[in-house]
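Below, each chain spelled out in residue letters.
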Amino acid sequence: MDYRYKLIGGNLVVINPSRNRDIGTYQCFATNSLGTVVSKEAKLQFAYLEHFKTKMRSTVSVREGQGVVLLCGPPPHSGELSYAWIFNEYPSFVQEDSRRFVSQETGHLYIAKVEPSDVGNYTCVVTSTVTNNRVLGSPTPLVLRTDGVMGEYEPKIEVQFPETLPAAKGSTVKLECFALGNPVPQINWRRSDGLPFSSKIKMRKSNGMLEIPNFQQEDTGLYECIAENSRGKNIARGRLTYYAKPHWVQMIKDIEAAVEDNLYWECRASGKPKPSYRWLKNGDGLIVEERVQIDNGALSIAVLNVNDSGMYQCIAENKHGLIYSSAELKVVASAPDFSKNPMKKLIQVQIGSLVIFDCKPKASPKAHCSWKKGDEILQSSERTAILKDGGLQIANVTKLDVGTYTCIAENQFGKASSSTKLVVTEPTRITLAPSNMDVSVGESVILPCQVQHDPLLDIVFTWYFNGAITDFKKDGSHFEKVGGSSSGDLMIRNIQLKHSGKYVCMVQTEVDSVSSAADLIVRGSPGPPESVKVDEITDTTAQLSWKEGTDNHSPITSYVIQARTPFSVGWQIVTTVPDTIDGKTFTATVVDLNPWVEYEFRVVANNKIGGGEPSLPSEKVRTEEAVPEVPPSEVSGGGGSRSELVITWDPVPEELQNGEGFGYVVAFRPLGVTTWIQTVVTSPDTPRYVFRNESILSFSPYEVKVGVYNNKGEGPFSPVTTVFSAEEEPTVAPSHVLANSLSSSIIEVSWDAIPWKMSSGRLLGYEIRYWNNGGKEDSSNRVKVMGNETTARLQGLQSNLVYYTAVRAYNSAGTGPFSATVNATTKKMPPSQPPGNVVWNATESKVLINWEQVKAMDNESEVTGYKVFYRTSSQNNMNILNTNKTSAELLLPVNEDYIIEVKASTDGGDGTSSEQIRIPRITNMDARGSGSAVWNAYPFLSSCITTLPIILVKTLW
C-alpha cells in the first residue's frame, strides 16, 4: 500500500487511477482468528476513445447502380463502440433501410445500389458506449462516374457473421448480414435444421440484423442469411455455439467434526464446458498428500486433527469464469457433556409398549455409553438392548420396569452421566365411540366419545372434521362439546350440507393417544344441475341437455325446466316432452314456445327433501321464424275528416310476431259489397290506418278486418267488424240566436237547433264564440255545449260592456258555419256599499231587523230590493228572505242563536254583504242589539247559502 491506495473497511480505493499502472486483476483477502478467505477476481479496465487522424480521405468514385462500401477505421480505443454516419453535414444522419446499412461490428457504411441522391460527403461518427465520448472522422467524398450506368448483377454478401460464434447463456446475440446488388437484394434468415424461429427472435434494420435475446442452449445451431434479387441469390452461414459460466449445484457448508473422524466434503457446479475444481485453505492452494485427497470437487481428509481447522474454499472454473464457495471446518476434542443435550427427567409409557432412552452427550471423539437401573448394571437381554448410538431399548414394558435409568458416557478426555425416570401406566380405551349417522339438513345430532383411562394421566379430547381440527369458537353456532370429564361428546346443531364428512374423536394423554372415526351423511335438496345447453332449436321447440349436479346424498327424483324471455316476468315453468322428467333423464324437449323470441333456459332438480337451487342459465337462443298466428285485437275505427275511413287496432306484441318483416294487412269493403279492398301497413307498432277517397260517403258502414304477415308468410285475419266512415260536418248555421244579459258578469245565449239527419252522423253539440267590444274576433273565447242543448251561459264577463257572440254546430268531422253575430251588454256592477247600521229587536216570538238604504253609484246597478240571509246555529246552509223594504221580520227560533247578514239586490247581481251578526237565544222577554256590537262579541265563519221562498220561512215557526 502506498499513497495511491486506501483501504476503507474491505473496500480498495485507487486514488488518481492510471490506465497503464492500474489495469489488471484484483483480489481481496479477509482474515480473522479462524482463518482466511479470498474473494473472486475483479478485472479493472479503462474505457477510452482517441481522435481520428486528421488525414484527408480519398474520393470514392462509383457508377450509378453499383454497390459501395465506405470504410470507417475507428481510432485507438478500449470498450464497446457504436457507429453512425453523417451525410454532408450534421445533423443529417444516414437513415438505414434495405439499401443502406451501418455495421456495428466494423463501423463501415454499405450502400447496396448507389443512386444519384447518394452523391455527397460521408463522415463516420464513433461513440463510446461507456463514456459517451464521440469523435468524427474526416469526410469521404462519394461521386458518380461518367462512363455509364452499372447493369444488374446478383447479390454479393459484404457483411456476415463468423463461421463459429460462441454465445453466453442469457446474453443477447446480434447477427449482421448485408449484400450489395442491383436490384437491391432482399435479406431473409433461416435455420439450417428447418426449425422455425421462436417468438422472441426479432428482425431489425430491414432484416439486416437478427437479434436473439436471452440466448439458451436450444438457440444453438447453424443460421443462414439469404440475399436475393432478380439476378440470383447468395447465402452466408454461421454456427452459434453455447457456453455457460460455472454456477453452483452444491456449495460447501460449515462443518464441525471430532478429532480422529474422517471428512468427506463435496462441492459441485455446472457449466459449459464442464468446470474443473481446486481447493484453498486459508487463501492458499490445498496441497494433496496421503491424508488429503481431491477427487473432481470432493475433498477427503482422513483422521482429522485440530490443525485441520480453518477456512476452506472450493473453486469451480472453466474458460469463461470461475466461482467460489467458502465454509469453515472446525475440528474439536472434548470430554462427554450432557449440558446441551440432557436426558428427559421423566418418561411415561403404557404397559406393553416399546420405550427407547436416548443418550447423546456432546463428545469428541464419540463417547462409549453404558447403562444402569438404580445401582444395577444393565446388559442386553431378551427385552433389553443397548443400541449402537448409545441408547437403551426396552420392549413389552411391565410395571416391574418402573425406576431410574442412568447413561454413563466416556472417551479418552473424560466421563459424564445423566438419568431419567420411567413411569408405566394403564392404556387409554374408548368405551363409547361415535357411529355412522344419516341425517337431514336442519336436524341436531350428538356424536358420543367416552373413555376409560389411567387416573395418573390427564386426558384431552380433540375432534377432527375431514382432517381439520374443529374450532369450537369459530363454529360455535353449530358445534359444541358436551359431557363430563371422561366424555368428549360432540353436539352438532342445525346441521347443514357442509357438515357431511368424516368425524374423528382423538383422545390424548402424555403417554398414548386413541381415536375413533364415524361418517356423517347429511341429506339435503339437490345442488344446481350443470352445463345446461340448447342442442337443437325450432320455431316452437328447444331440445335441452344438462349434467347432473350434486344430489346431496338424496337421489334426484325429477327435473323441472324454466324459461325466461325479454317479455316474461321472471322465470316461468315451461311445458316439456316428456311431461315429467325423472331423475335419470338429462335431456328434454321444451314445447309451445313462441317463434322468433330469445329464450334462456335453466333446470331445477328435486329430491325427497325438496327443490334445489336452479342451474346457471343456458346461452340465449332465438327460436326460428314462423308464420304469425295471432291477429291484432280491438279492431275498430270511425271518425276522421270528410272522405276518410279510419281503422284502428291494438298492435300485436313483439313476442307474438313470430319473425322479422312483421306488418299488417288491412282489408275493408262497403257493407253489402263482396270485393275486399286491401292495403299493407309495414310498421309493427302502427295502431291505425286512414283510407282517403272522395267517393266515400259520409257515415257509411264498412266491413273491416286486419290480418298479419311476416317474412314467412301471411297469418290470420281478425273477425270482421263494422266501422263507419267519417261523418259530414254540419253545413247549416243555427238560427234565431239571442243574447240576454242576466247580470253584470253573465250573458245567456239561446238558438234554434239546426236540422239534422242520422245519415250525416252524430251531432256532438254546439260551440259558442264570444268577444267584447274592445277585443278582436280572432282572439275570442269559446264555450261548448253537448248534444241537443240550445242555451249557454257566458260567465266571468266584465260589467257594463257590449259582448258579441255567434254559434255553430260541430261533430266528429268538424264544425259548421257560424250563425249571424248578436250582442248584449252586461249589467252594471252591483253596489259596493253594504247595507249599513243593521239593528235587531226581539220580542217573545219574533225578531225584527232594520238597516239603512243602499244608494247605487252612477256606474252601479239600481237597487231593486234586499236579501236577508239567515240560519240558526244548528244549520249549515243559509236561508234567504227577499224584501223590497229596509226591514224584515223573522220568527224567533227555539233556544238557538240566529246568524244573519243582508245584501242589496240589483239587475247586476247581489251587492256587498253587511257584516254577519249573531242574535243570541233570548233568555228574557225583550232584547235589542246592533250588528257591530254583536259581531265583535260573536265572531262567525261564513257558510253556504240556500235560497228558500219566504212562504216556507213563515211556515217554519
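Residue positions are given per chain, counting from 1 as you read along its sequence in written order. In keeping with the predicted nature of the model, local features appear solely for residues at pLDDT of at least 70, side-chain atom pairs appear and are counted solely at 80 or more, and the whole-chain, interface and lining totals rest on all residues. Just so you know, side-chain values use all the structure's heavy atoms and leave hydrogens and water out.

So, on to the confidence of the model for the protein. Per-residue confidence for the protein gives a mean pLDDT of 88, with 95% of residues at or over 70. Throughout residues 932-957 the model reports pLDDT below 50, and contacts reaching past four residues in sequence, or to other chains, amount to 46 contacts. Note on scores: pLDDT gives the predictor's confidence for each residue, bounded by 0 and 100. Whether two residues touch is decided by their heavy atoms; if any such pair falls within 4.5 Å, the residues are in contact.

What follows covers the sheet that holds strand β34 (residues 321-332). Strand pairs in the sheet, formed through backbone hydrogen bonds, run parallel or antiparallel to each other. Paired strands, in this sense, are two strands between which DSSP finds at least two bridges. A run of H or I in DSSP counts as a helix once it spans at least four residues, and a run of E counts as a strand once it spans at least two, with each numbered from the N terminus. Pairing within the open sheet is mixed, and its five strands lie in the order β26-β34-β33-β29-β30. Looking along the sheet, the strands with just one partner apiece sit at the ends: β26 (255-258) and β30 (284-285). With nine bridges joining them, strand β33 (residues 310-318) and β34 adopt antiparallel strand pairing. Considered in β34, the bridge of Gly-310 is made with Leu-329.

This part is about the environment of Ser-744. Topologically, Ser-744 is positioned in the loop between β72 (735-741) and β73 (747-752). Once the C-alpha coordinates of Ser-744 and Lys-344 are considered, the two residues, 400 residues apart in sequence, prove to be 126 Å apart. Non-local contacts of Ser-744, meaning those with residues more than four positions away in its chain, are made with Leu-797, Gln-798, Ser-799, Thr-826, Lys-827, Lys-828, Met-829, Pro-830 and Gly-908. Contacts described as polar in this section are N or O atom pairs within 3.5 Å, which, within protein, must combine one atom able to donate a hydrogen with one able to accept it, while residues neighboring in sequence count only if both atoms come from side chains. Polar contacts involving the side chain of Ser-744 include one to the main-chain carbonyl oxygen of Gly-908, which spans 3.1 Å.

Now for the pairing of strand β14 (residues 120-128). Only protein chains enter the accessibility calculation, which uses a 1.4 Å probe. A residue is then buried if its area is under 20% of the maximum for its type, exposed if over 50%, and partly exposed in between. By the criterion of burial, β14 is predominantly enclosed, with eight of the nine residues buried. Examined bridge by bridge, strand β11 (residues 81-87) and β14 share seven bridges and lie antiparallel to one another. In the strand pairing of β14, Phe-87 is matched with Tyr-122. Bridge analysis of β14 against strand β16 (residues 140-149) gives three bridges, and the strand direction is antiparallel.

Let us now look at the pattern of salt bridges. When the charged atoms of two side chains with opposite charge come close together, those side chains can pair. Take a side-chain nitrogen of Lys or Arg and a carboxyl oxygen of Asp or Glu: if they are within 4 Å of each other, that pair is a salt bridge. In total, this model carries 32 salt bridges according to the counting rule given. Between Arg-383 and Asp-401 there is a salt bridge whose closest N-O contact spans 3.0 Å. Placement of the pair is Arg-383 in the loop between β40 (376-377) and β41 (384-386) and Asp-401 in the loop between β42 (392-394) and β43 (403-411), with a sequence separation of 18 residues. Residue Glu-600 pairs with Arg-564 through a salt bridge whose shortest N-O separation is 3.0 Å. With Glu-600 in strand β62 (residues 598-607) and Arg-564 in strand β57 (residues 556-564), this residue pair connects regions lying 36 residues apart in the sequence. Note on Glu-600: relative accessible area 13%, which makes it buried. Assessed through its relative accessible area of 29%, Arg-564 is described here as partly exposed. Overlapping salt bridges bring together Arg-63, Arg-145 and Asp-147 as one network.

Before going further, it helps to examine the nonpolar core. What we call a nonpolar core is a set of buried Ala, Val, Leu, Ile, Met, Phe, Trp, Tyr and Cys residues that are connected through their side-chain atoms within 4.5 Å. One finds Trp-265, Trp-279, Leu-299, Ile-301, Tyr-312 and Leu-329 to be the most contacted residues of the largest nonpolar core, which totals 22 residues. Of all the secondary-structure elements, those providing two or more residues to this core are β27 (263-266), β29 (276-281), β32 (298-301), β33 and β34. At four residues, the largest contribution of residues to this core is made by β34. Beyond its immediate sequence surroundings of up to four residues, Leu-299 is in contact with Leu-263, Tyr-264, Trp-265, Trp-279, Leu-286, Val-292, Gln-293, Ile-294 and Tyr-312.

Let's shift gears to unusual backbone geometry. Most peptide bonds adopt trans geometry, and most residues besides glycine take a negative phi value. A cis geometry characterises the amide bond from Lys-272 onward to Pro-273, with omega recorded as 0°. One can find Pro-273 in the loop between β28 (268-272) and β29. Residue Ser-364 is joined to Pro-365 through a cis peptide bond whose omega torsion reads 0°. Backbone geometry at Asn-296 places phi at a positive 50°, although glycine is not the residue there. Relative to the helices and strands, Asn-296 resides in the loop between β31 (292-295) and β32. For Asn-296, a relative accessible area of 53% gives the class exposed. A positive phi angle is found at Ser-531, which is not glycine, with a value near 50°.

Patches here are clusters of residues that have more than 30% relative accessible area and form no salt bridge, with a 9 Å joining cutoff for like charges and a 5 Å cutoff for nonpolar side chains (Val, Leu, Ile, Met, Phe, Trp, Tyr). Accessible surface is estimated by sampling points in the Shrake-Rupley manner with a 1.4 Å probe; for residues, cover comes only from the protein chains shown. Taken together, the side chains of Ile-8, Val-13 and Ile-15 make up a nonpolar region of the molecular surface, amounting to roughly 220 Å² of accessible area. On the secondary structure map, Val-13 appears in strand β2 (residues 11-14).

A separate point is the packing of aromatic side chains. Two aromatic rings from Phe, Tyr or Trp, using only the six-membered ring of Trp, form a pair when their centres are within 6.5 Å; if the ring planes differ by under 30 degrees the pair is stacked, by over 60 it is edge-to-face, and anything between is tilted. For the structure shown, the criterion picks out 25 aromatic pairs. Relative to Phe-586, the ring of Tyr-559 has its centre 6.1 Å away and its plane inclined at 65°; by these criteria the two rings are edge-to-face. Placement of Tyr-559 in strand β57 and of Phe-586 in the loop between β60 (581-582) and β61 (587-590) is noted, with a sequence separation of 27 residues between them. Geometrically, the ring pair formed by Phe-699 and Phe-724 is stacked, given 4.5 Å between the ring centres and 20° between the ring planes. In this pair, Phe-699 sits in the loop between β68 (688-692) and β69 (701-710) while Phe-724 sits in strand β71 (residues 721-724), placing the two residues 25 residues apart along the sequence. Its relative accessible area of 13% is what places Phe-699 among the buried residues. For Phe-724, a relative accessible area of 34% gives the class partly exposed. The structure contains a cluster of three or more aromatic residues connected by ring pairs, namely Phe-101, Tyr-110 and Phe-178. One Lys or Arg, Lys-205, reaches over the ring of Phe-101 and ends 4.5 Å from the middle of that ring. Only Lys NZ and Arg CZ are tested; either one counts as a charge over a ring when it is within 6 Å of the ring centre and within 35 degrees of the ring normal.

Time to look at the environment of Ser-558. Counting through the fold element by element, Ser-558 comes out in strand β57. Put simply, Ser-558 and Thr-580 are 22 residues apart on the chain and 7.3 Å apart in space, counted from C-alpha to C-alpha. In contact with Ser-558, not counting residues within four places along its chain, are Ile-581, Asp-582, Gly-583, Val-604, Ala-605 and Asn-606.

Time to look at the pairing of strand β81 (residues 846-850). The alternating pattern of β81 places Val-847 and Ile-849 on a buried face and Lys-846, Leu-848 and Asn-850 on a face that is not buried. Pairing of strand β80 (residues 839-842) with β81 involves four bridges; the strand directions are antiparallel. If you follow Asn-841 over to β81, its bridge partner there is Leu-848. Hairpin remark: β80 followed by β81, antiparallel, with three residues in the connecting loop.

The rule for a disulfide is simple: a pair of cysteine sulfur atoms within 2.5 Å. All told, the structure shown has five disulfides when counted by the stated rule. The side chain of Cys-177 participates in a disulfide bridge whose partner is Cys-225; the two sulfur atoms lie 1.7 Å from each other. Taking the sign of the S-S torsion, -75° for the link of Cys-177 and Cys-225, the bridge is left-handed. One end of the pair, Cys-177, is in the loop between β19 (173-176) and β20 (178-182); the other, Cys-225, is in strand β24 (residues 221-229), with 48 residues separating them in the sequence. The buried category is assigned to Cys-177, whose relative accessible area is 0%. Judged by relative accessible area, which is 0%, Cys-225 ranks as buried. Between the sulfur atoms of Cys-449 and its disulfide partner Cys-505 the distance amounts to 1.9 Å. Between Cys-449 and Cys-505, the S-S dihedral sits near -80°, and the bridge is therefore left-handed. One end of the pair, Cys-449, is in the loop between β47 (445-447) and β48 (450-452); the other, Cys-505, is in strand β53 (residues 501-508), and 56 residues separate them in sequence. On the basis of relative accessibility, which here comes to 0%, the residue Cys-449 falls in the buried class. If one numbers only the bonded cysteines of the protein, in the order they occur, the disulfide pattern is 1-2, 3-4, 5-6, 7-8, 9-10. Distance from the sulfur of Cys-28, which forms no disulfide, to the nearest cysteine sulfur (Cys-314) is 20 Å.

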